Amino acid sequence: MYRKIVSAVDGSFHSELAAHHAIAIASSCDSELVVLAVDTGDVEREKLSYSVERICQHSKDYGVQAEGIIRRGDAVKTILKVVNSERADLLVSATRRSEYRLFVRSITQKIMLKAPCSVMAVKPAGIARRGKSMLLPVASRELVTDELITLTSCLAKFYEHRVEIFHVVELQRWYTLPWKELYTMRHHGEEEMMPVAKVLREQGIDVDVRAVISESSINAIPKEAAIGRHSLALMRASRRGILKQVVYGNPIERMLSSILCDVLIWRPKL
Amino acid sequence: MRIQTLSKEEVLRELHTTEQGLTEKEARKRLLDFGENEIAERKKVPWLFRFASHLVDLFAILLWIAGGLAFLVSRLADDVGMAYIGLALVTVIFINAFFTFLQEYRAEKASEALKKLMPYQASVIREGKEIHIPARQIVPGDIITVRAGDRVSADARIIKVADLAVDISHLTGESEPQVRKDVPKKEYEEPTNLIYSGSTVVRGNGIAAVFATGMATEFGKIAHLTQEIEEAPTPIQRELTYVARTITFIAVGLSFIFFTAGELIGIGTQANILFAIGIIVANVPEGLLPTVTLSLSLASQRMASRNALVKRLSSVETLGGATVICTDKTGTITENKMTMDYIYTPYESKSKKLSDAGPSELLLAAILCNNAKIEDNKVIGEPTEAALLQGASTIMADVRSEWERVDEIAFTSERKMMSTVNRKENMLVLYSKGAPVVILPKCTRIATEKGIQNITDEDRERIVEHVSDYAGRGMRVIAFAKKSIEGEYTRETLEENMVFLGIGALRDPPRKEVPYAVEKCKRAGIKVIVITGDDPLTAKTIAREVGIAKEPVTITGSQLDMMRKRELEEVLHGEVLFARTTPGHKLRIVRALKEMGSIVAVTGDGVNDAPALKEADIGVAMGKTGTDVARESADMILMDDNFATIVLAVEEGRAMFDNIRRFIAYIFTHLVPQIVSYILFVLLRIPLPLTVIQILAIDLGTEMAPSIALGAERPEPDVMNRPPRRRGERILTVPILLRSYLFLGLIEAIAAMSAYYYVLTGGGWSYGMPLSDADPLYLKATTITLAAIVITQVANSLTSRTTKESVFKIGIFTNKYLIIGIAIELILLFLIVYTEPLQRITGTAPLELNEWLILVPFAVLLLFADELRKWLVRKS
């Protein structure tokens, strides 16, 4: 599915942790990996090359063919240029905390808005992955594309994780409804996700399906990630109208800051 | 990659750090990336906002409309009386908001309690130097040093250690200090090379590399879950919302219909608005919320006197609906006190209860090879040793004074045994105790009835059989041995070639009152599930002994980890017991049970129990052994940690549900004469029989005391013999509404209107004659309407005490609070009727004796009519 993956790094520990996920996908998909560092003048060149070299070495340990590139220039423009010239299928980039934000107005957000290929924004939680499962929140079956299935499968195989497909049925004041009605809704929610589970199972992945009823998936997903002790959550980026963003905030920002495990937000190619 | 499996070098490489630590520059950068190492607190809605939200709920909106209309009329018609009504209604809104707020308020300090477990300062190595920095500035990759007495500031992997032991009870509930090592562990092994944020260093010191900080630590995850789990409204809150909605529907509907009718028949807009206000005020049970709150508060006081402290008032009622109680074992079902129950000595060849045993050398060994002490009749020491000393001392008098301890080879978790060398006159004897698997191989001889002999294979087999038998019954088995020492000795060879003395079996016995409480639960259709960190055998034996389960499916924590959601639901349908679990598992079980439709009460005491306590419908924290975090997260605190107390609380909760039903039915009845008086005012164009202020005088005055007294009705004898009420069973049911509105309410309406008509016609009024608001005849007539409602409500309060049973059978005077309540109600009525200030406010006039007397038959009629109904119900 992915012929070439670009992993953008900036010499930080954080970005190297994110690059590990790029290696994981490249290893499972048998893809080529381009480790790209942009020298914007903020970080010493030596540190950048050391970081790129380390990731390339790490890739080799997993049998991934990796090429390191360091370019000088503006981060966003240079990354987009390399993505285009390399004809990359997927770009992996870490989100960084600036001021109080993780995503909004970050380089990753700008890339996500402009890059023609699929983009994955990664927020690493730390280096210790203690859980044995990953969370796959799915808002609706229609949003599950072949690419998302492949990504899930690649990550689950690489980390030897079980996958929990998690579907939130959003409903205001759900607690006023009779329990039987709630049970049926949950059951229908799980049934709706079954075809997705089936496809993943066919690929040899251990899958569990869970549906919950909640007033907001923005609260339900972080809670599920914590209760299930998942080590990573893979989710599809969703678009929200400007008005909704003003009222409720950027959904990606909310997810990145409130989910405690590694969060991988994937946006399909434009 | 799992950090515990890596070598020291790999750990440092993965974290991009060295033994010299990070550079200040790198640390600053990482601080920006990973955020500060602190427990982030979720923003809470300030209590003032929460209070304000009750000013705009459905009841309140209705009353705001009525109040607004009153002010409007007062402004348009320059009527001060209407302004008073408006003011009274606004006051009612605030009173109701206050009581609703009180009902759901719970001091939420779990986050503060969690924060207290985090240290303020930490020692960290940066650029090769050890420095002290605020703990919140620690970042992944930092090298921290920990010493005895320190609190650990982040999750870290140990890279260097010297006899380090930490207390991680806040994460595991295991109170014994855990030894930490610096060697890599296999993935399936316990990660004993990790230390966690919030834990305390008990002894030794170490150097560790931080791999997670702040909310990413294990402790942060608990804090996160504790804060993330939002509490849904309790059933009683939901029910009150439902009642409010129903009433609003009726009130708005009636107002609209009669307002339109009023306009059509042309009664004038001002009178019509007054009418609309009247219909709204008459329909809204203004006293309901204060009554519910005060009754819940009284019930919570009763529960407090029975050792159950309720933190959120509305939880009192939730308890009554509990269908599953998930309970810990140690301390809740058992006494949390080890006792030596059985001993086995080879020379008696069979197991014996300790109470039947005589003095023996085994008991002597239990006393001498023991570091526990008896001071002021209290045994002080490690639980197992204390149990051995206590047990042996009841059989053998104090023998320690005859012996002098010469030497001790201490117990360690690796050796699993301890020995003491004791002298009595010229005799030097070694006594040892420990795990049978350790002691038995060190024995070459055995003390039998024929004296000391060489130990044979059959002897060993017999001993092992007894050990397995005890262990199979969930007991802890300790073996004893001795050795006579002649001359000099060397410690290295001391514990060899010993004489086997026998074994003692210890256990934590169940509390005496638990089997009866379990039996009660079974009759009440409540399932009890034991969730314990203890081993499966012990848990199973205790569960059987107290009657929780006969042959439960036992699921261990690791088995649960492998289970899918559906599989877990399947086992939860049957008899099940969870052993060797962590509190994370507890949360999963509680959630699965809730999704299956159960109303779950769950017990917990540790910091890590907090999320499960919050997720459960009723979180029950232990008062004696519980941590602050658990107590702050719970809805109820058990002051005696006793399972039986939970069951008592459930009983009280069930009674509360019945009682709320009783006084709702009682309150709803008087709404009918209030509404009817307004309907007749519009339809028949008679003078208004009851003013808005008089309605409020009934709702918030005379009615309050009897309603609260009905809330204090004792549990009916069969309250724990019936199944829990169905999830979603309404307080307000159609039969209750029919009984209140169309049966008893109608009798009250007939009484009120008859009395009103009697006074009016007796005073010379005839139909169609106008009557001013200040006319003494009108004042008297409205007074008797009010009195008629109150007097018939006295009869209603008596009959509302039972739903099917005759009130004469349970005894009219058995609820002393109700008698006091009725007395208060009547005194208030007389004050309204006969005292000048209240007459002025409520617009009443004094009544004559004969006027009072015509009300009595109506009260008697109501009482006996309902008795007849109950008799018919009993017969059918």
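Residues numbered from 1 in each chain as written. Chains lettered and ligands numbered in written order. Predicted model: local features only at pLDDT ≥ 70, side-chain atom pairs only at ≥ 80, totals over all residues.

Focus: the overall build of chain B
Working step 1: Helix and strand counts for chain B stand at 35 helices and 26 strands.
Working step 2: Computed over its C-alpha atoms, the radius of gyration of chain B comes to 36 Å, more than 25% above the 29 Å expected for a compact globule of 876 residues.
Working step 3: Projecting the C-alpha coordinates of chain B onto the three principal axes gives extents of approximately 125 × 75 × 50 Å.
Working step 4: Relative to its 876 residues, chain B shows a buried fraction of 49%. (Helix = DSSP H or I, 4+ residues; strand = E, 2+ residues; numbered from the N terminus. Rg over C-alpha atoms; globule rule 2.2 N^0.38 Å. Buried ≥ 20, exposed ≤ 12 C-beta atoms within 10 Å, placed from the backbone.)

Some points on the UniProt feature "domain: Cation-transporting P-type ATPase N-terminal" (unreviewed entry) in chain B
Working step 1: Residues annotated by UniProt as "domain: Cation-transporting P-type ATPase N-terminal" (unreviewed entry) correspond here to residues 2-75 of chain B.
Working step 2: Between the C-alpha atoms that bound residues 2-75 of chain B there is a distance of 76 Å. The span itself is 58% helix and 0% strand. (UniProt positions renumbered as here; feature names shortened; annotations may be inferred.)

Side note on the environment of Tyr50(A)
Working step 1: In this structure, Tyr50(A) sits in helix 2 (residues 45-61).
Working step 2: The spacing of Tyr50(A) and Glu202(A) is 152 residues in sequence and 41 Å in space, taken between C-alpha atoms.

Here we look at the packing of helix 10 (residues 269-283) of chain B against helix 26 (residues 671-683) of chain B
For any two helices packed against each other, the geometry comes down to the angle between their axes and how far apart the axes lie.
All names here are of chain B.
Working step 1: Orientation of helix 10 relative to helix 26, taken along the N-to-C sense of each, is 165°, at an axis distance of 8 Å. Between helix 10 and helix 26, the angle is such that the two are roughly antiparallel. Of the two possible hands of crossing, helix 10 and helix 26 adopt the one that is left-handed. Here Phe275, Gly278, Ile279, Ala282 and Asn283 of helix 10 lie close against helix 26, whose contacting residues are Leu671, Gln674, Ile675, Tyr678, Phe681 and Val682.
Working step 2: Taken together, the residues of the contact of helix 10 with helix 26 break down into 8 nonpolar, 3 polar and no charged. (Axes fitted to C-alpha atoms, helices over the stretch in contact; angles between N-to-C directions. Parallel < 35°, antiparallel > 145°, perpendicular 65-115°, else oblique. Left-handed = near helix turned anticlockwise from the far one by under 90°. Contact = placed C-beta atoms within 7 Å. Nonpolar A, V, L, I, M, F, W, Y, C, P; charged D, E, K, R; others polar.)

Thoughts on the nonpolar core
Working step 1: One finds Leu91(A), Ala233(A) and Ile277(B) to be the most contacted residues of the largest nonpolar core, which totals 295 residues.
Working step 2: Sort the elements by how many residues they give to this core and helix 25 (residues 643-669) of chain B lands first, with 17 residues.
Working step 3: Core analysis: the second largest hydrophobic core is formed by 46 residues, Ala357(B), Ala365(B), Ala479(B) and Ile503(B) among them. (Core = buried A, V, L, I, M, F, W, Y, C linked by C-beta atoms within 7 Å.)

Quick word on helix 4 (residues 107-114) of chain A
What sets the pattern is the α-helix's 3.6 residues per turn: residues three or four places apart point alike.
Working step 1: Turning to helix 4 of chain A, its buried residues are Ile107(A), Thr108(A), Gln109(A), Ile111(A) and Met112(A).
Working step 2: As for helix 4 of chain A, its buried residues are in contact with helix 3 (75-86), strand 4 (90-94), strand 5 (118-123) and strand 10 (262-267) of chain A.

Focus: unusual backbone geometry
Working step 1: The backbone of Arg173(A) shows a phi angle near 50°, a positive value even though the residue is not glycine.
Working step 2: Looking at where Arg173(A) falls in the secondary structure, it is placed in the loop between strand 7 (162-170) and helix 6 (179-202).
Working step 3: Given 11 C-beta atoms within 10 Å, Arg173(A) falls into the exposed group.
Working step 4: Positioned with a positive phi, Arg580(B) is a non-glycine residue whose angle comes to about 45°.

Description of the sheet that holds strand 10 of chain A
Residues and elements named next belong to chain A.
Working step 1: What the 10 strands build is an open sheet, ordered 3-2-1-4-5-10-9-6-7-8; its pairing is mixed. The strands lining the two open edges of the sheet, one partner per strand, are strand 3 (66-72) and strand 8 (207-214). For this sheet the average axis-to-axis angle between neighbouring strands, irrespective of direction, equals 20°. (Pairing = 2+ DSSP bridges.)

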